[in-house]
Amino acid sequence: GVCLIDEFDKMNDRDRVSIHEAMEQQSISISKAGIVTTLQARCAVMAAANPIGGRYDTSYTFSENVDLTEPILSRFDILCVVKDTADPVADEALAKFVVANHCQSHPLADQADLDHMKKVEADLANTSSLSYVEKIPQDLLRKYIIYARDKVHPKLKQMDQDKVAKVYSELRRESMSTGSVPITVRHIESVLRMAEANAKMHLREFVSQDDINMAIRVTLEAFISTQKLGVQKQMSRTFSKYMSYKKDNNELLLYLLKNLAMETAVYMRNRYGSSEVRQVDIDEKDLLDKAREINVVNLQPFYASAIFKAHNFRYDATRKQIHQKL
């Protein structure tokens with residue numbers, strides 16, 4: 001099963017001590033009302049915690065942002081930092097979705113409200129970086145997960161141990177030098193568990209090298225997201241050969257382009273003293289310089305993609321510029 005814990009940072013010290021055994025040994029010892037026993041606690045734990053002060057500060061490390069001890073943090077396979085970043089396109093689509101959902105839920109809602117809700121949902125889906133991926137029906141997905149859990153049990157075979165050892169040593173060195181989340185032997189077990197999970201998702205009997213590479217990429221992305229902003233860029237370049245594995249170029253380019261657009265918008269607001277910026281213009285050369293760092297030299301497929309247009313970007317071939325309406 002899955003154990004979901006909200007407000008994880010609000011747990012008292014007694015509960016935090018109790019959860020250590022459950023997460024490390026997958027068992028819970030009970031001594032109550034004359035009953036002394038040990039119960040199995042084999043399940044996935046997904047916990048959500050709020051940063052200190054209510055906002056995540058990228059100038060601090062993950063440990064400095066969240067009131068959790070290092071022994072507890074080291075017991076999680078993945079640490080994800082979810083930031084509330086300002087994105088005019090996504091924010092507008094989300095606001096329209098909330099309004100449309102409210103209208104649809106009204107007792108006097110008619111067919112026009114339902115049709116409008118479907119249109120808004122489609123527009124919101126187009127703003128996602130996964131808008132081009134074919135959606136799987138929820139009933140089919142539920143059956144697929146049940147089958148994979150019950151019938152598929154991948155085994156480790158012919159694993160590239162040297163690669164895992166090298167990544168672990170590099171991660172540990174970076175962790176010690178930056179003073180961030182500590183890297184322990186548990187993280188090797190985390191990589192193996194994620195590799196097995198990826199193999200199970202593909203209904204494979206054995207863990208392949210693809211599964212190991214994907215697990216390493218996920219581990220690195222999670223680790224780098226917990227670093228300070230300045231350290232993130234340096235580590236992204238250091239581990240770029242691992243992180244680019246099976247990553248869609250359009251998704252990477254969109255991330256780079258949105259960062260350039262945000263920087264340009266901030267510069268225009270500060271220079272002209274106006275809070276409203278209607279359009280930002282980015283030189284193609286700036287995006288191309290960023291793209292070369294991830295070994296991408298041809299931007300034309302990205303310009304023709306649906307994800308590029310869904311985020312209100314337009315390419316001007318004459319002026320060699322990219323425009324975005326805000």
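Residues numbered from 1 in each chain as written. Predicted model: local features only at pLDDT ≥ 70, side-chain atom pairs only at ≥ 80, totals over all residues. Heavy atoms only, no water.

*Asks:* Help me understand the sheet that holds strand S7 (residues 279-283) in this model?
*Replies:* Within a sheet, adjacent strands bond to each other through the backbone by hydrogen bonds, running parallel or antiparallel. Pairing is antiparallel across the open sheet formed by three strands, whose spatial order is S7-S9-S8. Unpaired on one side and paired on the other, S7 and strand S8 (313-316) mark the two borders of the sheet. Looking at each pair of strands side by side, their axes are set apart by 25° on average, direction ignored. Pairing of S7 with strand S9 (residues 321-325) involves five bridges; the strand directions are antiparallel. (Pairing = 2+ DSSP bridges. Helix = DSSP H or I, 4+ residues; strand = E, 2+ residues; numbered from the N terminus. Axes fitted to C-alpha atoms, helices over the stretch in contact; angles between N-to-C directions.)

*Asks:* Explanation requested: the side chain of Ser-225 in the structure shown.
*Replies:* Along the chain, Ser-225 turns up in helix H9 (residues 209-225). In this structure Ser-225 comes out as buried when scored by relative accessible area, which is 19%. Of the polar contacts made by the side chain of Ser-225, one reaches the backbone oxygen of Ala-222; its length is 2.7 Å. Those residues in contact with Ser-225 that sit more than four places away from it in its chain are Tyr-56, Leu-79, Val-81 and Gln-232. (Buried < 20%, exposed > 50% of the residue type's maximum accessible area, 1.4 Å probe, protein only. Polar contact = N/O pair within 3.5 Å; in protein donor to acceptor, adjacent residues only side chain to side chain. Contact = heavy atoms within 4.5 Å.)

*Asks:* I would appreciate a short explanation of the environment of Arg-278 in the present structure.
*Replies:* As for its position among the elements, Arg-278 is in the loop between helix H12 (249-272) and S7. Residues Arg-278 and Ile-5, 273 residues apart in the sequence, show an inter-C-alpha distance of 42 Å. Residue contacts for Arg-278: discarding those within four places in its chain leaves Gln-324, Lys-325 and Leu-326.

*Asks:* How do you make sense of unusual backbone geometry when you look at a structure like this?
*Replies:* Keep in mind that most residues, glycine aside, have a negative phi and that most peptide bonds are trans. A positive phi angle, near 60°, is found at Leu-203, a position not held by glycine. Inspection of the secondary structure puts Leu-203 in the loop between helix H8 (186-201) and strand S6 (206-207). Phi at Lys-320 is positive, roughly 55°, even though this residue is not glycine. Structurally, Lys-320 is set in the loop between S8 and S9.

*Asks:* Would you mind showing me how to read the nonpolar core here?
*Replies:* Proteins that are soluble and globular tend to have nonpolar side chains buried together. Within the largest apolar cluster, 22 residues are counted, with the highest numbers of intra-cluster contacts made by Leu-257, Leu-287, Leu-299, Phe-302, Tyr-303, Phe-308 and Ile-322. Every element with two or more residues in this core is listed here: H12, S7, helix H13 (284-292), helix H14 (300-303), helix H15 (306-310) and S8. Top element by residues in this core is H12. It accounts for seven residues. With 21 residues, the next largest nonpolar core counts Tyr-168, Leu-171, Ala-195 and Ile-216 among its residues. (Core = buried A, V, L, I, M, F, W, Y, C linked by side-chain atoms within 4.5 Å.)

*Asks:* Explain the pairing of S8 here, please?
*Replies:* Side-chain positions along a regular strand alternate between the two faces of the sheet. By the bridge criterion, four bridges tie S8 to S9 in an arrangement that is antiparallel. Paired with Tyr-315 across the two strands is Ile-322, which belongs to S9. Where S8 hands over to S9, the hairpin turn is made up of four residues, of which Lys-320 adopts a positive phi near 55°.

*Asks:* What exactly am I supposed to notice about the side chain of Asp-211 here?
*Replies:* Tracing the chain through its elements places Asp-211 in helix H9. With a relative accessible area of 0%, Asp-211 lands in the buried category. A polar atom in the side chain of Asp-211 sits 2.7 Å from the side chain of Asn-198. Not counting residues within four places of it along the chain, the set of residues in contact with Asp-211 comprises Ala-195, Asn-198, Ala-199, Arg-204 and Phe-206.

*Asks:* What exactly am I supposed to notice about the packing of aromatic side chains here?
*Replies:* Two measures describe an aromatic ring pair: the distance that separates the ring centres and the angle between the ring planes. This structure, assessed with the given rule, holds six aromatic pairs. Seen from their ring centres, Tyr-303 and Tyr-315 are 4.0 Å apart, and the 15° between their planes marks the pair as stacked. Pair noted here: Tyr-303 is in helix H14 and Tyr-315 is in strand S8, with a separation of twelve residues, a long-range link. Measuring from ring centre to ring centre gives 5.7 Å for Phe-308 and Phe-313, while their planes differ by 25°; the resulting arrangement is stacked. Side by side, Phe-308 and Phe-313 carry an identical accessibility label, which is buried. Among the aromatic residues, those joined into a ring-pair cluster are Phe-302, Tyr-303, Phe-308, Phe-313 and Tyr-315. (Phe/Tyr/Trp six-rings, centres within 6.5 Å; stacked < 30°, edge-to-face > 60°.)

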